[in-house]
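# Coordinate analysis (summary)
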Amino acid sequence: MRILLVASAFNSLTQRVFAELRDRGHTLAVQLVAPPALGDAELRAAVRRHRPELLLAPMLRSAIPPDVWSAHPCLIVHPGPPGDRGPSSLDWAIHEGATGWGVTVLQAGEVLDGGDIWAEVRCPLPPVGKSDLYRNEISDAALAAVLLAIERFDSGGYAPRPQHGPGWDVADHTRPYFAQALRRIDWTSAPTVEVLRTLRAADSRPGVLDELLGAEWYLHGGHPEDELRGEPGALIATRDGAICRATTDGAVWIPQLRPRRTPGGPATFKLPAVTALGDRLPPLPERPAPLERPANRRTWSELRYHENGQVGFLRFGFPGGAMSTGQCRRLLEAYRYACRRPTSVLVLDGGRDLFGNGIHLNVIEAAADPAAESWANINAMDDLVAAILTTCDRLVVAALGGNAGAGGAMLALAADEVWCRDGVLLNPHYKLMGLYGSEYWTYILPRRVGGALAQRLTGRALPVTAAAAQRLGLVDRLIPCPAEEFGVETARYAALLAASPHLQDRITAKKAARERDEAAKPLRTYRAEELTVMRRQFFSPGEPYHVLRGAFVRKEPPVRNPAHLAAEPPAVPAVRPARADAGPTPPGT
């Protein structure tokens, strides 16, 4: 089917719908609707150009014009169950403490979110941040609803369910935009559970507007703290760039802040809270969390390590998936600690949300010398990836419960095995930021998929589903499960791998393969070649990287529809290439 995706941004959900429909053989194009440059006129032109059989809007902040939806079938993905209407569906659900929610695919019409229903899928809402839910439970439900709606539409015989009449038994629940006045936190009276719910309903966008140290800030993210205490509202500690703020009955960790935009000033962007506050921050105790700590501790830190028999689990989680120079160095230190432990399998566990997205563009943008900070950051990433590539006394598994892109994808692919939840997307490219890339990608990608496909993946700059990545050889194990169960499934497969009678043979073969590769072309040569190009892109005038980075971190609307999204890309190959260095098949594959 010829489908035109209409979206306000090529965000995680739009990418997933795009990649999943491409896998299923549909002919796709994408038209962004992002005023002022990309508005209704550009949408009409795209419809005339592509002549789609169906328009599908996975994430759209504005209405489709009547002359378009009246002439062409237009389906809207709404992140709420039937009867729910309005622009802040998920915000309201989290605010009200809902434990279950849903996604509805409905036909565009005169009443926003009031069109006939083509599909609906329910989902749980665990107590995590909105962006995490959006990329996991909501994304899973949205994809299932989209596939069902397309199947019904394609059949030609399905009558969608009107949201009115005698067969409609759901109350109309139209709610307004969730404004900052509704997000206000009264630190003198609000308990921790209420503060967390408010922060989680706004963690990535738009944040919670608050006053702190004489200025206005948007607070982004919130995690409970079970030991530290202080006067409600007071800042009481720091950790890994985050601040800890006391509540009436406990405390919460806030990882990121964004200053309020001044009238007429440039757009602001999120930074680690300590970095954002800068000289405003009074002296506070730094309270590092032990890398190994009891499972029942309710606190936050970016890193955690635990063992189960012969398996070590190094868990990390960075807000937004970006990794600054300091974060890369802390993760490398933790990795080296894990490698000193007497285990035979080491799992790099990115948790249930984003595994990683490479260097920290926001921190770089805020640096006094962005080029120098870019250079420091990419070298810190390279040091981390090099440590993984040269670990030859155990098997290293990258467990992706969430998406990975750019350097974060290469970090995962440096492992001996890559395990992915079936809802994960990979973006193994750097092109859209005007970068050649490093992290040894010129070694890592070709050894998995061959040189030609490596160039195609990095050149086309399109998302790849976990299933397609497995067919290509990027992923070794696909784990079909809800986001909440990924950790349990990963631990189960890791235990099987550690108990395999072939494990030691695989470790021996891995060491021999690394020695052969090093003799043929040392890792330092790959790194030097990559960084030669990166240095020019960081430090030479006229390179697009700095302009693209500034637009990205400030969320500037696009001025044109991206060329790589405007036409149907070639389908991914259906056959997984053989890997010359592959060892015996692990149990359960």
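Since the structure is predicted, the reported quantities are computational estimates derived from the model, not experimental observations.

A few words now on the overall build of the protein. Along its length, the protein carries 20 helices and 27 strands. The C-alpha atoms of the protein give a radius of gyration of 24 Å, which matches the 25 Å a tight globule of 589 residues would have. Structurally, the protein occupies a C-alpha span of about 70 × 60 × 50 Å along its principal axes. Looking at the protein as a whole, 56% of its 589 residues are labelled buried. Sequence-distant contacts, at least 24 apart, represent 71% of the contacts inside the protein between residues at least 6 apart. Accessible surface for the protein amounts to roughly 24200 Å². Of this, 55% is attributable to carbon and sulfur atoms.

What follows deals with the confidence of the model for the protein. Averaged over all residues, the pLDDT of the protein equals 94, while 96% of them reach at least 70. Note on residues 574-589: pLDDT is under 50 here. Beyond four places in sequence and across chains, it has 34 contacts.

Here we come to the sheet that holds strand β4 (residues 74-78). Pairing is mixed in the open sheet, where six strands are placed in the order β2-β1-β3-β4-β6-β7. This sheet does not close on itself; its edge strands, each paired only once, are β2 (27-32) and β7 (117-124). Across the sheet, the mean angle separating the axes of adjacent strands is 20° when strand polarity is ignored. Strand direction decides the pairing type here: strand β3 (residues 54-59) and β4, joined by three bridges, are parallel. Paired with L55 across the bridge in β4 is C74.

Within helix α15 (residues 451-460), the full set of buried residues consists of L453, A454, L457 and T458. Taken end-on, α15 shows its buried residues confined to a sector of 130°, consistent with a single buried face. In this structure, the buried side of α15 is in contact with α14 (441-449), β26 (464-465) and α16 (466-472). Looking one or two places after α15, you find A461, whose phi comes out positive at around 55°.

Procedures and definitions
Residues numbered from 1 in each chain as written. Predicted model: local features only at pLDDT ≥ 70, side-chain atom pairs only at ≥ 80, totals over all residues. Heavy atoms only, no water. Helix = DSSP H or I, 4+ residues; strand = E, 2+ residues; numbered from the N terminus. Rg over C-alpha atoms; globule rule 2.2 N^0.38 Å. Buried < 20%, exposed > 50% of the residue type's maximum accessible area, 1.4 Å probe, protein only. Contact = heavy atoms within 4.5 Å. Areas by Shrake-Rupley, 256 points an atom, 1.4 Å probe, with all protein chains shown as cover. pLDDT = per-residue confidence, 0-100. Pairing = 2+ DSSP bridges. Axes fitted to C-alpha atoms, helices over the stretch in contact; angles between N-to-C directions. Arc of directions from axis to C-beta.

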